Amino acid sequence: MKVLINAGPWLPVPPLGYGGIENIVATLIPELRRLGVQVVLASVGDSTLAADERISLYPTGQFAALQRPYNQVCGVVPAHQNAVVRRIAQGDIDLVHDHVEAAGLATLAALGPYSPPGLQTLHWDLQKHPDLYGTFDGRGRVYVNGVSADQLSHAPAALRAHSVGHVHLATPLAAAPQRTVEKHGRVVVLGRITPGKGQDLAARLAHSAGFDLVLAGPVGPYHQAAQLADADPQNPDVRFWREQVAPHVDGDRVRWIGTVTGQDRDDLVAGASAALFPLRWNEPGGTAVVESLALGTPVVGIARGCLPELIDQGRTGLLTSDEDELGELVRAAAAIDPGECRAEAVRRFSPAVMASSYLELYERVRSAAAAL
Ligand code: UDP
């Protein structure tokens, strides 16, 4: 089977730092190839992941374009999608697995009856975009999957009608042997600084409940400390940082370290007594959640979005729907066995588990399209 996987024009695969979708594509492709699937990766020129073939329109990731006015951003995705369509027109692709928000689905639906069938993985919070998907018609050839059951439960009916189920996110950390890291005892919040991820609540809790907290991640998807001075003050993530998080960051009890990558990220998370997710949105897939488990760190958070599906209450983490209880749960998490967290990640969130689930979905999509 030859599958074209479209990772979009924003960041290289794998990404250098932040990049949830690009990370998952980078986790999936080597496993699919091990299972005998030939993979054509549509991405940007500086992607380094090995694939059977790579196509790209842009030499580098176009993420910075997202900071430009909307009318300048508009052309980026269609130009990339045109390159993808030209490749599909060569006629040797058996299935297209697309990861580009909304535009990818529209492209697949527009391809017509002689195109290969398509599967789109939905990575985002569908409640935020009901209008984008409300009238979607896959014409029997295009299907979608979610990254959690909760995410799909919020999808517009038109989209749910084309769903072939959900596949939880995976992490290569669940397959690699982990070295034993001594717990430094701090609590970590790993993720973009944005209202939905609740870093303000985490910071206030650290002061009131008395634990040391490290906030790791950019402000919004891309702002590091050095860029914040020039950032658009009306950007909602920048405002959230300035008005609700920064006042609680004292560099001692609460520290912000910006984006952390590679071994530094893994050591930070592995050494933490808990990974905290004080969510205010329905986290759709939670890569950072499964990474924390794989690094032997229990998850404490608000029981919403994908968290209740990923966390075994009391064994791999502690969830509550009451924000006031979080401080107590952070303390109680010290009793959770890191070995249980790690074992759960190996069993449920390894790349091999994810790839075989996708292979099943590919077969289902292909037989459904062939039956037309
Ligand atoms: N990430 C990282 N360094 C950071 C912050 C985040 O490497 O400082 C990674 C994190 O480990 C995860 C991804 O970025 O792999 C974020 O994906 P997730 O699904 O958790 O959140 P999203 O931002 O996609 O909502």
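Residues numbered from 1 in each chain as written. Predicted model: local features only at pLDDT ≥ 70, side-chain atom pairs only at ≥ 80, totals over all residues. Heavy atoms only, no water.

**As for the packing of helix 3 (residues 76-88) against helix 4 (residues 103-110)**
Close contact between helix 3 and helix 4 brings their axes to 11 Å; oriented N to C, the two are set at 40°. Between helix 3 and helix 4, the angle is such that the two are oblique. Here helix 3 and helix 4 pass one another in a crossing that is right-handed. Contacts from V77, Q81 and V85 of helix 3 reach helix 4 at A103, G104 and T107. Class assignment of the residues belonging to the contact of helix 3 with helix 4 gives a composition of 3 nonpolar, 3 polar and no charged. (Axes fitted to C-alpha atoms, helices over the stretch in contact; angles between N-to-C directions. Helix = DSSP H or I, 4+ residues; strand = E, 2+ residues; numbered from the N terminus. Parallel < 35°, antiparallel > 145°, perpendicular 65-115°, else oblique. Left-handed = near helix turned anticlockwise from the far one by under 90°. Contact = heavy atoms within 4.5 Å. Nonpolar A, V, L, I, M, F, W, Y, C, P; charged D, E, K, R; others polar.)

**Thoughts on the domain arrangement of the protein**
By domain assignment, the protein separates into domain 1 (2-170 + 350-370) and domain 2 (173-348). Between the C-alpha centres of domain 1 and domain 2 the distance comes to 27 Å. Listed by partner, the interface residues are 24 residues for domain 1 and 24 residues for domain 2. At the boundary of domain 1 with domain 2, total buried surface from both sides reaches about 1,800 Å², with 59% on carbon and sulfur atoms. At the boundary of domain 1 and domain 2, one finds 0 salt bridges. On the surface where domain 1 and domain 2 come into contact, there are 5 residue pairs in polar contact (both at pLDDT 80 or more). Counting only elements with at least two residues in the side of domain 1 that touches domain 2, the list comes to helix 6 (149-153) and helix 16 (351-370). Here the side of domain 1 that touches domain 2 takes 3 residues from helix 6, the largest share from any one element. (Domains from an automatic or database assignment. Buried area = accessible area lost by both parts, 1.4 Å probe. Salt bridge = Lys/Arg side-chain N within 4 Å of Asp/Glu carboxyl O. Polar contact = N/O pair within 3.5 Å; in protein donor to acceptor, adjacent residues only side chain to side chain.)

**Brief notes about the site of the ligand**
Around the ligand there are 18 residues in total, and R192, K197, V260, T287 and E291 lie nearest to it. Interatomic distance of 2.7 Å between a side-chain N/O atom of R192 and an oxygen atom of the ligand. Between the ligand and R265, the relevant distance is 2.8 Å, taken from an oxygen atom to a side-chain nitrogen or oxygen of the residue. Calculation on the ligand without its partners gives an accessible area of 540 Å², and the protein chains cover 93% of this total. Within the residue set of the shell around the ligand, elements represented by two or more residues are helix 1 (20-34) and helix 12 (287-294). The element best represented in the shell around the ligand is helix 12, accounting for 3 residues. The residue inventory of the shell around the ligand, partitioned by class, reads 6 nonpolar, 7 polar and 5 charged. Built from parts of two domains, the shell around the ligand gets at least three residues from each of domain 1 (2-170 + 350-370) and domain 2 (173-348). (Near = heavy atom within 4 Å. Areas by Shrake-Rupley, 256 points an atom, 1.4 Å probe, with all protein chains shown as cover.)

**Points about the packing of helix 1 against helix 16**
Between helix 1 and helix 16, the shortest axis-to-axis distance is 9 Å and the interhelical angle comes to 75°. Comparing their axes, helix 16 and helix 1 come out roughly perpendicular. Each of I24, T27, L28, E31 and L32 in helix 1 lies in contact with helix 16, whose residues at this interface are P351, A352, M354, A355, Y358, L359 and Y362. Taken together, the residues of the contact of helix 1 with helix 16 break down into 10 nonpolar, 1 polar and 1 charged.

**Concerning the pattern of salt bridges**
Overall, the coordinates contain 19 salt bridges when judged by the stated rule. Salt-bridge contacts for R347 lead to E344; the nearest nitrogen and oxygen are separated by 3.1 Å. Taken together, the residues R347 and E344, both in helix 15 (residues 338-348) and 3 residues apart, mark about one turn of the helix. The exposed category is assigned to R347, whose relative accessible area is 55%. Given the relative accessible area of 4%, E344 is considered buried. (Buried < 20%, exposed > 50% of the residue type's maximum accessible area, 1.4 Å probe, protein only.)

**With respect to unusual backbone geometry**
Look at the link from V13 to P14: it is a cis peptide, with omega at -5°. Along the polypeptide, P14 turns up in the loop between strand 1 (2-6) and helix 1. A positive phi angle is found at R139, which is not glycine, with a value near 50°. Inspection of the secondary structure assignment puts R139 in the loop between helix 5 (130-133) and strand 6 (142-146). R139 sits in the exposed class, given a relative accessible area of 55%.

**So, the sheet that holds strand 9 (residues 213-216)**
Reading across the sheet, the 6 strands line up as 10-9-8-11-12-13 and stay open at both edges, with parallel pairing between neighbours. The open sheet is flanked by strand 10 (254-256) and strand 13 (317-320), the only strands paired with a single partner. With direction set aside, neighbouring strand axes in the sheet form an average angle of 20°. Pairing of strand 11 (residues 274-277) with strand 12 (residues 299-302), which is carried by 3 bridges, proceeds in the parallel orientation. Following the sheet pairing, F277 is matched in strand 12 by G301. (Pairing = 2+ DSSP bridges.)

**Thoughts on helix 4**
Every buried residue of helix 4 is listed here: G104, L105, T107, L108 and A109. Buried residues belonging to helix 4 abut helix 3, strand 4 (95-98), strand 5 (118-121), helix 5, strand 6 and helix 7 (157-160).

**Focus: the sheet that holds strand 4**
Hydrogen bonding along the main chain pairs the strands of a sheet, whether they run parallel or antiparallel. Taken in spatial order, the 7 strands line up as 3-2-1-4-5-6-7 in an open sheet, and their pairing is parallel. At either margin of the open sheet sits one strand with a lone partner, and together these are strand 3 (53-56) and strand 7 (163-166). Direction aside, neighbouring strands of the sheet carry axes that sit 20° apart on average. Pairing between strand 6 and strand 7: 2 bridges, direction parallel. Bridge pairing links G146 to H166 in strand 7.

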